[in-house]
Amino acid sequence: MARDITPEEVATVDEMLARARKAMEEIEDYDQEQVDRLARALGWNCGNEKTFVRIAQMGVDESGIGDRAGRAGKRFKVLGVLRDALREKSVGVIEEDPDKGLTKIAKPAGVIASLIPTTNPELTPPVTGIYAIKCKDAVIFSPHPRAKATTFEMVRVMRETLKKLGAPADMFQCVEKPSIPMTQYLMEQCDLTLATGGKPMVKAAYSSGKPAYGVGAGNSTMVIDETADIAEAAMNSRISKTSDFGSGCSADGNLLIADQVYDQMRDALVAEGGYLCDAAEKALLEKALWDDEGRRTINTVAVSAQTIAAIAGFEIPQDRKFIMVEQDEIGPEHRFSSEKLCVVMALYRFRDFDEALAKVRAIFEVGGKGHSCGIYSFDEDRILRHATNAPVSRVMVRQPQSKANAGSFENGMPMTSSLGCGIWGGNITNENVSLKHYMNVTWVARPIPMDRPSDEELFGEFYNTEVM
């Protein structure tokens with residue numbers, strides 16, 4: 001049972017909130033050029049290779065999960081977020097539509113509570129910070145206890161950046177001694193919460209009584225049909241699955257492979273560094289990844305393939321990068337069809353595309369509704385059928401899922417570190433949480449010529465028919 005918040009914790013949050021509001025007052029007259037300058041400075045100081053790699057690797061060392069090289073590879077997201085932010089207006093008039101007589105004016109959302117996951121203590125703060133400073137929002141970051149020093153260090157860099165430019169450092173603050181009661185109180189006092197993390201965190205954000213953007217669980221599922229470039233599909237699956245040891249919700253969890261190319265794809269995955277379990281190893285692996293209640297075991301989340309195998313009780317060669325199991329069954333009792341959060345993926349066969357679509361629906365009934373899936377195909381009709389069929393917010397076509405669905409330089413998705421999963425995932429938005437989600441917008445409406453269709457046009461064939 002969670003303890004009550006202490007008077008000292010209440011005082012700490014109240015003081016941080018007061019400082020945040022004062023900082024916002026100090027920059028309330030900043031124009032677009034001034035906030036863009038702050039955003040550029042944050043992007044450089046947080047996203048330059050030396051600083052980001054140092055703090056990213058600090059996060060892996062502190063939390064004990066993830067891959068030092070893979071975590072550092074997330075640096076591109078800071079650059080992409082800055083690119084997107086600089087291309088949009090966020091101060092004053094941001095849009096005008098003369099035909100409709102509309103003008104839209106941006107205003108700050110307020111003080112944001114940003115809940116930081118264990119897996120992204122170096123990435124989420126600058127991503128949130130760039131978007132927030134563009135909208136003149138203050139942010140109070142609440143780190144995960146296992147990565148609090150890393151989060152604090154990145155926020156320190158952000159604060160120093162503002163100070164050097166004469167802006168108030170208290171636009172960004174970080175809770176030094178996080179606790180569940182303190183985080184709950186923070187969410188209740190702030191104007192908006194950004195909850196990037198596990199289901200309990202998101203649930204708490206939505207029950208805080210204040211607006212919140214949350215994320216849903218993932219269970220990324222990729223369809224590979226017989227038109228696919230098998231070498232490309234295997235390479236991208238490896239890239240997606242092994243990034244930061246599969247810590248992200250977007251990492252490929254299930255591959256649905258056409259029967260005609262199944263053996264070819266499986267062999268290509270082995271060539272990319274996959275290890276295919278036999279039946280005995282698969283059974284051991286299941287016992288290692290899930291406890292008797294079906295919960296994921298923490299010691300096997302986002303660790304190397306060799307570590308997972310050793311915990312399970314078998315050995316794999318040192319050159320193997322991820323682990324594969326062949327799977328037929330789908331359902332809550334068949335655990336390999338659920339989210340894995342590690343370098344393990346399940347391989348399924350399908351005989352025809354209708355079977356693939358049915359299996360996709362079944363897998364997302366197990367978990368991951370609203371998040372993401374993908375397809376390797378050059379058949380546009382199948383691509384659209386897959387997208388229409390899957391209960392997800394984003395579908396990546398011939399791309400490494402975990403490097404693409406939150407935005408990349410090779411697609412048009414908004415760059416972010418927070419993926420809304422819509423009503424399916426218990427979220428208010430399906431979108432990649434980006435600049436527009438950090439602002440209030442005032443609509444100004446002027447009179448326009450009458451825009452009222454005739455009754456005949458509106459009711460069509462039903463006009464003047466018998467009424468009930």
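What counts and how
- Residues numbered from 1 in each chain as written.
- Predicted model: local features only at pLDDT ≥ 70, side-chain atom pairs only at ≥ 80, totals over all residues.
- Heavy atoms only, no water.
- Phe/Tyr/Trp six-rings, centres within 6.5 Å; stacked < 30°, edge-to-face > 60°.
- Lys NZ or Arg CZ within 6 Å of the ring centre and 35° of its normal.
- Helix = DSSP H or I, 4+ residues; strand = E, 2+ residues; numbered from the N terminus.
- Polar contact = N/O pair within 3.5 Å; in protein donor to acceptor, adjacent residues only side chain to side chain.
- Axes fitted to C-alpha atoms, helices over the stretch in contact; angles between N-to-C directions.
- Parallel < 35°, antiparallel > 145°, perpendicular 65-115°, else oblique.
- Left-handed = near helix turned anticlockwise from the far one by under 90°.
- Contact = heavy atoms within 4.5 Å.
- Core = buried A, V, L, I, M, F, W, Y, C linked by side-chain atoms within 4.5 Å.
- Buried < 20%, exposed > 50% of the residue type's maximum accessible area, 1.4 Å probe, protein only.
- Pairing = 2+ DSSP bridges.
- Nonpolar A, V, L, I, M, F, W, Y, C, P; charged D, E, K, R; others polar.
- Arc of directions from axis to C-beta.

(A) Representation of the packing of aromatic side chains within the structure. Scanning all chains against the criterion turns up 5 aromatic pairs. Directly above the ring of Tyr262 sits Arg349, whose terminal nitrogen or CZ lies 3.9 Å from the centroid.

(B) Representation of the environment of Ser393 in the model. Looking at where Ser393 falls in the secondary structure, it is placed in strand β14 (residues 392-397). Within the local environment of Ser393, its side chain forms a polar contact with the backbone oxygen of Gly370, the two atoms lying 2.6 Å apart. A distance of 3.0 Å separates the side chain of Ser393 from the side chain of Asn430, its partner in a polar contact.

(C) Quick peek at the packing of helix α3 (residues 49-63) against helix α7 (residues 148-164). Packing of α3 against α7 leaves a shortest axis separation of 8 Å and a crossing angle of 160°. Between α3 and α7, the angle is such that the two are roughly antiparallel. Considering how the two elements wind past one another, α3 and α7 form a crossing that is right-handed. Contacts from Thr51, Phe52, Arg54, Ile55, Met58, Gly59 and Glu62 of α3 reach α7 at Lys148, Ala149, Thr150, Glu153, Met154, Arg156 and Val157.

(D) Inspection of the nonpolar core at higher detail. Grouped together as the largest cluster of nonpolar side chains are 68 residues, with contacts concentrated most on Ile133 and Phe172. Other than its neighbours up to four places away in sequence, Ile133 contacts Ile27, Val35, Leu38, Ala39, Leu42, Leu162, Met171 and Phe172.

(E) Spatial organisation of the sheet that holds strand β3 (residues 111-115). The 5 strands are arranged β5-β4-β3-β6-β7 in an open sheet whose pairing can be described as parallel. Two strands bound the open sheet, and with one partner strand each, they are β5 (172-174) and β7 (212-214). Ignoring which end each strand starts from, the neighbouring axes of this sheet average 15° apart. Contacts from α7 reach β4 (138-142) and β5, with the element oriented near 155° to β5. Helix α9 (residues 199-206) rests against β3, β6 (192-195) and β7 of the sheet, and its axis sits at about 160° to β7.

(F) Fine view of the packing of helix α10 (residues 230-242) against helix α11 (residues 262-271). Contact pair α10 / α11: the axes reach a minimum separation of 9 Å and the direction vectors enclose 45°. By the angle class used here, α10 and α11 are oblique. Of the two elements, α10 crosses α11, and the hand of that crossing is right-handed. Residues Ile230, Ala233, Ala234 and Ser237 of α10 form the contact with α11, whose own contacting residues are Gln264, Met265, Ala268 and Leu269. For the contact of α10 with α11, the class distribution of residues is 6 nonpolar, 2 polar and no charged.

(G) Spotlight on the side chain of Ser142. Relative to the assigned elements, Ser142 resides in strand β4. According to the relative accessible area criterion, Ser142 is buried, its value standing at 3%. Of the polar contacts made by the side chain of Ser142, one reaches the side chain of Thr183; its length is 2.9 Å. Here Ser142 is in contact with Ser114, Leu115, Ile116, Val175, Thr183 and Leu186, once residues within four sequence places are set aside.

(H) Summary view of helix α12 (residues 279-289). Residues of α12 that are buried: Glu281, Lys282, Leu285, Ala288 and Leu289. Projection of α12 onto a plane perpendicular to its axis shows the buried side chains occupying an angular sector of 125°, all on one side. Projecting away from the buried face of α12 at angles above 90 degrees are the exposed residues Ala279, Ala280 and Lys287. Where α12 is buried, its residues contact β10 (274-276), α13 (305-312), β11 (322-326) and β12 (344-350). Its side-chain oxygen placed 3.1 Å from the backbone nitrogen of Ala280, Asp278 serves as the N-cap of α12.

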